[in-house]
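Fold and geometry: a report
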Amino acid sequence: MTGLPRVLHVMTSARRLPGGRVGIAAVLRWQETGETRTAVRRLGRYESTRSSYRAVLHGLWEARRMGARHIVLSTDDPSVAAQLAGADGPTPETIGLYLQARALCNAFRSAEVRQAEPDNHPGAWEAALAAERSGAPGPATYADLPLWAAS
């Protein structure tokens, strides 16, 4: 071991699917090994910022499950990236999701937030669009979520 921290890149995306539902995806890739994992979910009808936050939360919980301590979080929603990076404040409709995402980011030793374009967002955009074909269940449910995250 070289003493450098293992960094997990978490790339998230939310896309409107046919029929008005939303597909969210998180692509998690270890920087050192290139090992990749994709987590996809279909949600009901959400507005775009709430969907992007759901994708971010999905990716952060997957990163915790994988044992990551250092993450680089990328989202293709510029407003969510600006809010999580502290450059902009959350809207009243998204304050709960924002607080959940910030709390999860603080659970890692280091977390960097970036805004990414779909072209520089390998796999996440396509995975979100593929959620309709994936047969993934409805809203993501986690047995290990704290009570404040059950919304």
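Residue positions within a chain follow its written sequence, with the count starting from 1. Given that this is a predicted model, residues contribute local features only at a pLDDT of at least 70 and side-chain atom pairs are listed and counted only at 80 or more, while totals for whole chains, interfaces and linings are drawn from all residues. Hydrogens are left out, water is left out, and the side-chain values use all remaining heavy atoms of the structure.

1. A short note on the packing of helix H1 (residues 48-65) against helix H3 (residues 95-106)
Two quantities define a packed helix pair, namely the angle between the helix axes and the distance between the axes. Our working rule: An axis is simply a line fitted to the C-alpha atoms; with a helix, the fit covers only the stretch in contact. Between two such axes, the angle follows the N-to-C directions and lies from 0 to 180 degrees. The helix and strand labels rest on DSSP assignments: H or I over at least four residues marks a helix, E over at least two residues marks a strand, and numbering proceeds from the N terminus. For classification purposes, an angle smaller than 35 degrees is called roughly parallel, one larger than 145 roughly antiparallel, one from 65 to 115 roughly perpendicular, and anything else oblique. When the near helix sits turned anticlockwise from the far one by under a right angle, the crossing is termed left-handed; a clockwise turn instead gives a right-handed crossing. When checking whether two residues touch, look at their non-hydrogen atoms; a contact exists if any pair is within 4.5 Å.
Direction vectors running N to C along H1 and H3 enclose 25°, while the axes themselves pass 10 Å from each other. By the criterion of interaxial angle, the relationship of H1 to H3 is roughly parallel. Where H1 crosses over H3, the handedness of that crossing is left-handed. Where H1 approaches H3, its residues Arg 50, Tyr 53, Arg 54, Val 56, Leu 57, Leu 60, Trp 61 and Arg 64 are matched on the opposing element by Leu 97, Tyr 98, Gln 100, Ala 101, Leu 104 and Cys 105.

2. Things to note about helix H2 (residues 78-85)
Rule in force here: We call a residue buried when its accessible area falls under 20% of the maximum for its residue type, exposed when it is over 50%, and partly exposed in between, using a 1.4 Å probe and counting protein chains only. Each C-beta atom gives one direction from the helix axis, and the arc is the one those directions make.
Of the positions making up H2, those classed as buried are Val 80, Ala 81, Gln 83 and Leu 84. Along H2, the residues classed as buried sweep out an arc of 165° about the axis, all on the same side. Gly 86 sits one or two residues past H2 and shows a positive phi near 90°.

3. Quick notes on the sheet that holds strand E3 (residues 36-43)
For clarity, the cut-off: Strand pairing is assigned whenever DSSP detects at least two bridges linking the two strands.
An order of E3-E2-E1-E4-E5 is seen for the 5 strands of this open sheet, with the pairing classed as mixed. Every other strand in the sheet has two partners, leaving E3 and strand E5 (110-115) as the edge strands with one partner each. If you compare each strand with its neighbour and ignore which way they point, the axes differ by 15° on average. Lying on the sheet, H2 is in contact with strand E4 (70-75) and E5; it crosses E5 at an angle near 145°.

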